[in-house]
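# Examination of the molecular architecture
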Amino acid sequence: MQEFSRREFLRRAFFAACGAAFLPLFGPGAAEAARLGEEDTGGPYVYKRFFGFSEYVKRPATERIVIHHTEIADMELGGTAALIHEMHKQNGWAGIGYHYFIRPDGMIEQGRQPPMVGAHAWQNNQDTVGVCVAGNFDRDRPTREQMDAVKELTAWLCRRYGLDPGKRGVIVGHRDLNEDTTCPGKYLYPKLPELRAYCEEHI
Ligand SMILES: [Zn+2]
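Described below are features of the structure shown in this document.

Reading the values: the criteria
- Residues numbered from 1 in each chain as written.
- Predicted model: local features only at pLDDT ≥ 70, side-chain atom pairs only at ≥ 80, totals over all residues.
- Heavy atoms only, no water.
- Helix = DSSP H or I, 4+ residues; strand = E, 2+ residues; numbered from the N terminus.
- Areas by Shrake-Rupley, 256 points an atom, 1.4 Å probe, with all protein chains shown as cover.
- Donors = N, O, S within 2.8 Å, 3.2 Å for Na, K, Ca; no water.
- Buried < 20%, exposed > 50% of the residue type's maximum accessible area, 1.4 Å probe, protein only.
- Arc of directions from axis to C-beta.
- Contact = heavy atoms within 4.5 Å.
- Pairing = 2+ DSSP bridges.
- Patch = residues over 30% accessible without salt bridge, like charges linked within 9 Å, V, L, I, M, F, W, Y side chains within 5 Å.
- Salt bridge = Lys/Arg side-chain N within 4 Å of Asp/Glu carboxyl O.
- Lys, Arg positive; Asp, Glu negative; His and termini not counted.
- Charge placed at Lys NZ, Arg CZ, Asp CG, Glu CD.
- Core = buried A, V, L, I, M, F, W, Y, C linked by side-chain atoms within 4.5 Å.
- Polar contact = N/O pair within 3.5 Å; in protein donor to acceptor, adjacent residues only side chain to side chain.

Along its length, the protein carries seven helices and six strands. N-terminal to C-terminal, the α/β element order of the protein is α-α-β-β-α-α-β-β-β-α-β-α-α. As displayed, the protein has an accessible area near 11300 Å², and 54% of this comes from carbon and sulfur atoms.

Donor atoms from the polypeptide that coordinate the zinc ion comprise His68 (ND1), His174 (ND1) and Cys183 (SG), at 2.0 to 2.3 Å from the metal. Along the chain, the residues donating to the zinc ion fall in the pattern H-x105-H-x8-C. With histidine 68 in strand 2 (residues 64-69) and histidine 174 in helix 6 (residues 174-177), this pair connects stretches of sequence that are 106 residues apart. In terms of burial, histidine 68 and histidine 174 fall into one category: buried.

So, on to helix 4 (residues 81-90). Along helix 4, the residues classified as buried are Ala81, Ile84, His85 and His88. Buried residues along helix 4 cover an arc of 105° about the axis, so they all sit on one side. As for helix 4, its buried residues are in contact with helix 3 (75-78), strand 3 (100-102) and strand 4 (108-110). Positive phi shows up at glycine 92, right after helix 4, with a value of about 90°.

Turning our eyes to something else, we now look at the sheet that holds strand 3. One open sheet holds the six strands; their spatial order is 1-4-3-5-2-6, and the pairing between them is mixed. Edge positions in the sheet fall to strand 1 (46-47) and strand 6 (171-173), since each of these pairs with one other strand and no more. Relative to strand 5 (residues 128-133), strand 3 is paired through three bridges, and the arrangement is parallel. Counted as the bridge partner of phenylalanine 101 is cysteine 132 from strand 5.

The grouping of Asp105, Glu145, Asp148 and Glu152 at the surface amounts to a negative patch. Mapped onto the elements, glutamate 152 comes out in helix 5 (residues 144-161). By relative accessible area, glutamate 152 is classed as partly exposed at 39%.

What follows deals with the nonpolar core. One recurring pattern in soluble globular proteins is that nonpolar side chains are buried together. In terms of nonpolar packing, the biggest core is built from 26 residues, with Ile67, Tyr100, Ile102, Val131, Val150, Leu153 and Leu157 touching the most fellow members. At nine residues, helix 5 tops the list of elements feeding residues into this core. Discounting residues that sit within four places of it in the chain, isoleucine 67 has contacts with Val131, Val150, Thr154, Ile171, Val172, Gly173, His174, Cys183, Pro184, Leu188, Leu192 and Leu195. Within the second largest apolar cluster, eleven residues are counted, among which are Phe53, Ile84, Phe101 and Ala134.

Most of strand 5 sits inside the fold, with six of its six residues counted as buried. Of the two faces of strand 5, both are covered, the one formed by Thr128, Gly130 and Cys132 as well as the one formed by Val129, Val131 and Val133. By the bridge criterion, six bridges tie strand 2 to strand 5 in an arrangement that is parallel. Within strand 5, the residue paired with isoleucine 65 across the bridge is valine 129.

Moving on to the pattern of salt bridges. Summed over all chains, the structure comprises six salt bridges. In this structure, glutamate 109 and arginine 49 form a salt bridge, with 2.7 Å as the shortest nitrogen-oxygen distance. Pair noted here: glutamate 109 is in strand 4 and arginine 49 is in the loop between strand 1 and strand 2, with a separation of 60 residues, a long-range link. A relative accessible area of 17% places arginine 49 in the buried class. One salt-bridge network, in which partners are shared between bridges, spans Arg49, Arg103 and Glu109.

The subject of this paragraph is the side chain of threonine 62. Note that threonine 62 resides in the loop between strand 1 and strand 2. Within the local environment of threonine 62, its side chain forms a polar contact with the side chain of arginine 59, the two groups lying 3.1 Å apart. Apart from residues lying up to four places away in sequence, threonine 62 is in contact with Asp127, Val129, Tyr161 and Leu163.

Below, the structure written as structure tokens:
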């Protein structure tokens, strides 16, 4: 009995050690994070936000990146991901619909958790990542810092999801998908070819 206990103890100690050794590789979320490139340090700094969402639905595929603006010129109302999160909750959505948010100073914030289905382009959320640049670009121009950030972020997203930025329809503006919007605005939309070219060079 004592021998069995000792053997059992050793067996358990062995598996506990194995478990500890493999935990970083197979622990909950770790494999997923590795697959999605969450720990990829080759990308821009993203300020990780942990907003509460009323539901989490995993996105089945990632084939396209959609560029948006907030359409809000007043930064007191729409200059941060937190403000947009509150606004989108009031729309009855699970929380902020965009996966990434770029402030006027170029800071990139995480909005919705990157592996989740977003709420940013009607009937086009199942295979897209939503990137929103703060501002109303039908009225104003994006800042240089915002352009630098959206280029760096989008190039990184192409790398981590294995997307070809030169392929038609991979990097699009919201208005390419939904006819009832001018998003991302008349001053940002014409910059998409420049964005695609940057991504092709930096993928
Ligand atoms: Zn939009």
